[in-house]
Amino acid sequence: MSEFIYPSGYQCFAGVDEVGRGPLVGDVVTAAVILDPAKPIIGLNDSKKLSEKKRQLLADEIKTKAKAWAIARAKPAEIDQLNILHATMLAMSRAVAALAITPDFVLVDGNREPSLLVPCQAVVKGDGLVAEISAASIIAKVARDQEMLELDARHPEYQFAKHKGYPTALHLDMLQKHGAIAEHRRSFKPVQRVLGEF
């Protein structure tokens, strides 16, 4: 982690990040993590820069060593109703609310802050700068990837294990071929096209 300067006057920081804003299917998944300074975790980084194996190992370590962690979601129906940005903010606020410990201050990846009951700061590229945000990005990514594997098992024809729901050429081809399932986000244009609504 680089030399991020934490806001002064606070003791307990939570990091928050999301995974899954871009995919056409499934929940947007968020996580909140409060790390324990007495139990350092080596190797924290933006989850996208880590191998799948390394993410899984770190996710297990984070869940064991963190003072508190929580995962929350917004469902496809909520994404369609609110739009992806507002659904993400809702999921982030749910993750913070689900923490067993109430943080003094929340650091959020990105340039938008969810509506919270505690002070909050958005940190651009925070998943590579702030250990707590990195930890949140890792457990959110592992959780969502696992959900895509489970969806793949239920709907193998879409090959969700390969593209994780993102709008790759393969996913778009399978969407065109097989139509949309209940977990697809109806408000996203590629899905609307298949449904004949765009």
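The following refers to the structure shown.

Rules of the game
Residues numbered from 1 in each chain as written. Predicted model: local features only at pLDDT ≥ 70, side-chain atom pairs only at ≥ 80, totals over all residues. Heavy atoms only, no water. Helix = DSSP H or I, 4+ residues; strand = E, 2+ residues; numbered from the N terminus. Rg over C-alpha atoms; globule rule 2.2 N^0.38 Å. Contact = heavy atoms within 4.5 Å. Expected span 1.5 Å × (residues − 1). Buried < 20%, exposed > 50% of the residue type's maximum accessible area, 1.4 Å probe, protein only. Salt bridge = Lys/Arg side-chain N within 4 Å of Asp/Glu carboxyl O. Core = buried A, V, L, I, M, F, W, Y, C linked by side-chain atoms within 4.5 Å. Pairing = 2+ DSSP bridges. Axes fitted to C-alpha atoms, helices over the stretch in contact; angles between N-to-C directions.

### Things to note about the overall build of the chain
Thinking step 1. The helix and strand inventory of the chain stands at 7 helices and 5 strands.
Thinking step 2. Mapped in sequence order, the helices and strands of the chain form the string β-β-α-β-α-α-β-β-α-α-α-α.
Thinking step 3. Over its C-alpha atoms the chain spans a radius of gyration of 17 Å, differing by no more than 12% from the 16 Å that the globule rule assigns to 198 residues.
Thinking step 4. Taking the principal axes of its C-alpha atoms as reference, the chain extends roughly 55 × 35 × 25 Å.

### Quick look at the environment of Leu172
Thinking step 1. By secondary structure assignment, the location of Leu172 is in helix α6 (residues 169–178).
Thinking step 2. In this structure the C-alpha to C-alpha distance between Leu172 and Val118, which are 54 residues apart in sequence, comes to 41 Å.
Thinking step 3. Those residues in contact with Leu172, other than ones at most four positions away along the chain, are Leu24, Pro167 and Pro190.

### With respect to helix α3 (residues 84–97)
Thinking step 1. With 14 residues, α3 extends 20 Å between its outermost C-alpha atoms, agreeing within 8% with the 20 Å of an ideal straight helix rising 1.5 Å per residue.
Thinking step 2. Counting buried residues along α3, 10 of its 14 residues qualify, which places the element largely inside the surrounding structure.
Thinking step 3. Packing partners of the buried residues in α3 comprise β1 (13–19), β2 (28–34), β3 (68–74), α2 (76–82) and β4 (105–109).

### Comments concerning the side chain of Ser47
Thinking step 1. Checked against the element boundaries, Ser47 lands in the loop between β2 and α1 (52–65).
Thinking step 2. A relative accessible area of 3% places Ser47 in the buried class.
Thinking step 3. If we ignore the near neighbours within four places in the chain, the residues touching Ser47 are Arg55, Ser137, Ile138 and Lys141.

### A word on the pattern of salt bridges
Thinking step 1. Tallied over the full model, the rule gives 10 salt bridges.
Thinking step 2. For Asp127, the salt bridge goes to Lys48, with nearest N and O atoms at 3.5 Å. Of the two residues, Asp127 sits in the loop between β5 (120–123) and α4 (131–154) while Lys48 sits in the loop between β2 and α1, which places them 79 residues apart along the sequence.
Thinking step 3. When its relative accessible area of 7% is taken as the criterion, Asp127 is described as buried.
Thinking step 4. Overall, the relative accessible area of 62% leaves Lys48 in the exposed class.
Thinking step 5. The salt bridge partner of Arg73 is Glu147, with a shortest N-O separation of 2.5 Å. Of the two residues, Arg73 is situated in strand β3 and Glu147 in helix α4; the sequence distance between them amounts to 74 residues.

### So, the nonpolar core
Inside soluble globular proteins, nonpolar side chains tend to come together where they are buried.
Thinking step 1. In this structure, Val33, Leu35, Leu44, Ile62 and Ile138 are the most contacted members of the largest nonpolar core, which totals 20 residues.
Thinking step 2. Where this core is concerned, the elements lending two or more residues are β2, α1 and α4.
Thinking step 3. For this core, the leading source of residues is α4, giving 8 residues.
Thinking step 4. Among the nonpolar cores identified, the runner-up in size contains 18 residues, and Ala14, Val16, Ile34 and Ala70 belong to it.

### Some words on unusual backbone geometry
Thinking step 1. Backbone geometry places Asn83, a non-glycine residue, at a positive phi of 90°.
Thinking step 2. Its place among the elements puts Asn83 in the loop between α2 and α3.
Thinking step 3. Among the residues examined, Asn83 registers a relative accessible area of 35% and is labelled partly exposed.

### Some points on the sheet that holds β5
Paired through their backbone hydrogen bonds, the strands of a sheet run either parallel or antiparallel.
Thinking step 1. Read across the open sheet, the 5 strands follow the order β3-β2-β1-β4-β5; overall the sheet is mixed. A single partner strand is all that each edge strand has here, and the edge strands are β3 and β5. Taken pair by pair, the neighbouring strands of this sheet meet at an average axis angle of 20°, ignoring direction.
Thinking step 2. Summarising the sheet, β2 and β3 pair through 7 bridges and their orientation is antiparallel. Directly across from Val29, in β3, lies its bridge partner Arg73.
Thinking step 3. Contacts from α4 reach β1, β2, β3, β4 and β5, with the element oriented near 35° to β1.

Functional significance is not addressed by these values, which are geometric in nature.
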